[in-house]
Amino acid sequence: MDFKELAEAARTCRRFEEDKPLSMADLDWLTECARLAPSARNAQELRFILVGPGETCRKLFTLTRWAGALKDWGGPHPGERPTAFIAVLMPENGKELLCYDTGIACQTIQLAAASRGWGCCIIQSFDHKAAPELLDVPEGMKIALVLGLGVAKEKRRIAPMPADGSFGYWRDEQGVHYVPKRALDDLVLKRF
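Here the residue index of a chain counts from 1 through its sequence in written order. This being a predicted model, a pLDDT of at least 70 is required before a residue's local features are given, and a value of 80 or more before pairs of side-chain atoms are given or counted; all residues contribute to the totals for chains, interfaces and linings. As a rule here, side-chain values cover all heavy atoms of the structure and leave hydrogens and water aside.

A. Representation of the overall build of the chain within the structure. Every helix listed is a DSSP run of H or I at least four residues long, and every strand listed is a run of E at least two residues long, numbered separately from the N terminus. Assigned secondary structure in the chain consists of six helices and seven strands. When the helices and strands of the chain are read in sequence order from the N terminus, they spell out α-α-β-α-β-α-β-α-β-β-β-β-α. As a reference, a globule follows 2.2 Å times the number of residues to the power 0.38, and the radius of gyration itself is taken over C-alpha atoms. On C-alpha atoms alone, the chain measures out to a radius of gyration of 17 Å, which is about the 16 Å that the 2.2 N^0.38 rule sets for 192 residues. With the C-alpha coordinates of the chain rotated into their principal frame, the extents come out at 50 × 45 × 30 Å.

B. Spatial organisation of the pairing of strand β7 (residues 177-181). When strand β5 (residues 156-160) meets β7, the two strands line up parallel, connected through five bridges. Note that in β7 the partner of Ile158 across the bridge is Val179. We treat two strands as partners when DSSP finds at least two bridges between them. In this sheet, β7 lies alongside strand β6 (residues 170-171) in antiparallel orientation, the contact comprising two bridges. Pairing of Trp170 across the sheet is with Tyr178, part of β7.

C. A look at the sheet that holds strand β4 (residues 141-151). Taken in spatial order, the four strands line up as β1-β2-β4-β3 in an open sheet, and their pairing is antiparallel. In the strand order of this sheet, the two ends are held by β1 (47-51) and β3 (118-123), each with one partner. Each strand axis lies, on average, 20 degrees off the axis of its neighbour in the sheet, ignoring direction. Of the strand pairs in this sheet, β1 and strand β2 (residues 84-91) are connected by five bridges, and their pairing is antiparallel. Bridged to Val51 within β2 is Phe85. Along the sheet face, helix α2 (residues 24-35) touches β1, β2, β3 and β4 and points at about 160 degrees away from the line of β1. In what follows, residue pairs with any heavy atoms lying within 4.5 Å of each other are defined as contacts. Note on definitions: angles span 0 to 180 degrees between N-to-C directions of axes, and those axes are lines fitted to C-alpha atoms, for helices only across the stretch in contact. Along the sheet face, helix α3 (residues 55-62) touches β1, β2 and β4 and points at about 70 degrees away from the line of β2.

D. Focus on α2. To estimate how far a helix should extend, the number of its residues minus one is multiplied by 1.5 Å. When the terminal C-alpha atoms of α2 are compared, their 16 Å separation across 12 residues agrees well with the 16 Å that a helix rising 1.5 Å per residue should span. For α2, the set of buried residues is Asp26, Leu27, Leu30, Thr31, Cys33 and Ala34. End-on, the buried residues of α2 take up no more than an arc of 150 degrees, which puts them together on one face. Packing partners of the buried residues in α2 comprise β1, β2, α4 (96-115), β3 and β4. Relative accessibility thresholds used throughout: buried, under 20% of the residue-type maximum; exposed, over 50%; partly exposed, between the two (1.4 Å probe, protein chains only). The directions considered for the arc run from the helix axis to the C-beta atoms.

E. View of the packing of α2 against α4. Their axes nearest at 8 Å, the elements α2 and α4 cross at an angle of 135 degrees. Judged by the angle between their axes, α2 and α4 are oblique. Here the hand of the crossing between α2 and α4 comes out right-handed. In this structure, α2 uses Trp29, Leu30, Cys33 and Ala34 to contact α4, whose residues at the interface are Ala105, Thr108, Ile109, Ala112, Ala113 and Ser115. Classes in brief: Ala, Val, Leu, Ile, Met, Phe, Trp, Tyr, Cys and Pro nonpolar; Asp, Glu, Lys and Arg charged; the others, Gly included, polar. For the contact of α2 with α4, a count of residues per class yields eight nonpolar, two polar and no charged. When describing relative orientation, an angle under 35 degrees is termed roughly parallel and one over 145 degrees roughly antiparallel, while 65 to 115 degrees is termed roughly perpendicular and anything else oblique. Two helices cross in a left-handed way if the nearer one is turned anticlockwise from the farther one by less than a right angle. They cross in a right-handed way if the turn is clockwise.

Below, the structure is given as structure tokens:
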């Protein structure tokens, strides 16, 4: 698959094959991909906590909130929940550039996951008090984002932006998840 196809495949995934868990080796590989990503000043200040299948994964799931735009859906149901998480940590007193590093690392993990048919959901909506306690986050660090991971169960598709400009995502009757994207000509302001 070429890179554009990979980017199209790397849509946020919110339903997983819970009976096909990712292994710790899979999480190590994803984190290795993030480790190789660019970093501001090459300082490499991000740290990662890997959570494989088991009790900690189940507890962390309960501390996350999913798909706010889908008002009639309460998040992944049993059998569709992530089988792993990666918590991306940054220093509490981190500078603005660390936010960019976090985004780059998370996007790298999401693309890497998609390259193997896995799903990834980058989550900022989590309990910012209980999650660090559960994961025993070191002093001076904070969880920037949490990535829910697993073998992708849901189909995700890119759709044209509706005429009314509504950018909310939706699911059809078959459960296919659609994400509207603006046309390239709507985004490019000028060409010189």
